[in-house]
Amino acid sequence: MNPAPQVATAEISDADLDHVSGGLAVGGSGGLCVETPIATVTSGVLAVASPEGVAVGTAVHTAAH
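Residues numbered from 1 in each chain as written. Predicted model: local features only at pLDDT ≥ 70, side-chain atom pairs only at ≥ 80, totals over all residues. Heavy atoms only, no water.

1. Some details on the overall build of the protein
The cut-off we apply is this: Per the convention used, a helix needs a DSSP run of H or I reaching at least four residues, while a strand needs a run of E reaching at least two, with both numbered from the N terminus. Exposure classes here rest on a 1.4 Å probe applied to the protein chains alone. A residue is buried below 20% of its type maximum, exposed above 50%, and partly exposed in between. Whether two residues touch is decided by their heavy atoms; if any such pair falls within 4.5 Å, the residues are in contact. Exposure was quantified through the Shrake-Rupley algorithm and a 1.4 Å probe, taking into account, for residues, occlusion by the shown protein chains and nothing else.
Within the protein, the regular secondary structure consists of one helix and three strands. Of the regular secondary structure in the protein, the N- to C-terminal order runs α-β-β-β. Expressed as a percentage of its 65 residues, the buried residues of the protein come to 3%. When contacts within the protein are restricted to residue pairs at least 6 apart in sequence, those whose partners lie at least 24 apart make up 21%. Accessible surface, the protein as shown: approximately 5700 Å² in total, 63% of it carbon and sulfur.

The structure is reproduced here in structure tokens:
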């Protein structure tokens, strides 16, 4: 008797692998920082597009000196 566990393998297509691993997406981001004697203002944008849809986000942060 062989006590080693049995492992089954299977072929998977590239299209199926893309679906399992999250698929294809493209994205971009950018930011801006402005520092004045009164305050520092930073902002950023992010956009991601995939076959499932589009996501867009923005952020603004202000810190007084």
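2. A short note on the pairing of strand β1 (residues 26–35)
Inclusion rule: Two strands qualify as a pair provided DSSP detects at least 2 bridges between them.
Burial runs low along β1: only zero of the ten residues are buried. As consecutive antiparallel partners, β1 and strand β2 (residues 39–50) are separated by three residues.

3. Considerations on the pairing of strand β3 (residues 53–64)
Sparse coverage of β3 is indicated by the burial of zero of its twelve residues. Sheet analysis places β2 next to β3, joined by twelve bridges and oriented antiparallel. Bridge assignment links Val48 to a residue of β3, and that residue is Ala55. The antiparallel pairing of β2 with β3 creates a hairpin that spans two residues between the two strands.

4. Here's the deal with the side chain of Thr40
The cut-off we apply is this: For this analysis, a polar contact is any N or O atom pair within 3.5 Å, provided that within protein one partner can donate a hydrogen and the other can accept it, and provided that sequence-adjacent residues contribute only side-chain to side-chain pairs.
Looking at where Thr40 falls in the secondary structure, it is placed in strand β2. Given a relative accessible area of 17%, Thr40 falls into the buried group. A polar atom in the side chain of Thr40 sits 2.8 Å from the side chain of His65. Filtering out sequence-adjacent residues up to four positions away, Thr40 remains in contact with Cys33, Val34, Glu35, His61, Thr62, Ala63 and His65.

5. Quick word on the environment of Thr62
Relative to the elements of secondary structure, Thr62 occurs in strand β3. Placed 29 residues apart in sequence, Thr62 and Cys33 show a C-alpha to C-alpha distance of 9.8 Å. Thr62 has contacts with Ala39, Thr40 and Val41, leaving out every residue within four places of it along the chain.

6. Considerations on the confidence of the model for the protein
Operational definition: On a scale of 0 to 100, pLDDT captures the predictor's confidence in every residue.
Confidence along the protein averages 83 in pLDDT terms, with 86% of residues attaining 70 or more. Across the protein, element-level confidence peaks in β1 with a mean pLDDT of 93 and bottoms out in helix α1 (residues 14–20) with 70.

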